[in-house]
Amino acid sequence: MEDNKTTRTIEETMEELEAVIEKMEDRDSTLEESFACFEAGMKLVRECSQRIDKVEKQIMVLSEEGMEEYES
């Protein structure tokens, strides 16, 4: 699993998460492999959530600035 969060886009992170989910669905995986996939998946979910939150905050700031300019 790639660990470099700064160069990975949200879309790339989601694709990696999908790959982890597919691997978890493989019935030939051992319990240890499934747990490692679960752990990696949870890290990817947290990363996506944090990045989406950051984008939402940026949108809110830009929207507020736009409304202030519009009202002036």
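Our subject is the structure that appears above.
Attention here is on the structure that accompanies the text. These figures come from a predicted structure and were not determined experimentally.

Reading guide: rules and limits
- Residues numbered from 1 in each chain as written.
- Predicted model: local features only at pLDDT ≥ 70, side-chain atom pairs only at ≥ 80, totals over all residues.
- Heavy atoms only, no water.
- Disulfide = S-S within 2.5 Å.
- Buried < 20%, exposed > 50% of the residue type's maximum accessible area, 1.4 Å probe, protein only.
- Helix = DSSP H or I, 4+ residues; strand = E, 2+ residues; numbered from the N terminus.
- Expected span 1.5 Å × (residues − 1).
- Arc of directions from axis to C-beta.
- Contact = heavy atoms within 4.5 Å.

Moving on: the state of the cysteines. Applying the stated rule across the entire model yields zero disulfides. Residue Cys 37 stays outside any disulfide, its sulfur separated by 16 Å from that of Cys 48, the closest cysteine. For Cys 37, a relative accessible area of 5% gives the class buried.

Attention now moves to helix H1 (residues 10-25). Along its 16 residues, H1 runs 23 Å from first to last C-alpha, staying within 8% of the 22 Å computed at 1.5 Å per residue. Residues Thr 13, Glu 16, Leu 17 and Val 20 constitute the buried set of H1. Projected down its long axis, H1 carries its buried residues within an arc of 105°, all on one side. What points out from H1, more than 90 degrees from its buried face, is the exposed set Glu 11, Glu 15, Glu 22 and Glu 25. Looking at the buried residues of H1, the elements they touch are helix H2 (31-71).

What follows concerns the environment of Cys 37. Note on placement: Cys 37 falls in helix H2. Remark: the alpha-carbon pair of Cys 37 and Lys 23, spanning 14 residues in sequence, is separated by 7.4 Å. Those residues in contact with Cys 37 that lie beyond four places of it in its chain are Val 20, Lys 23 and Met 24.

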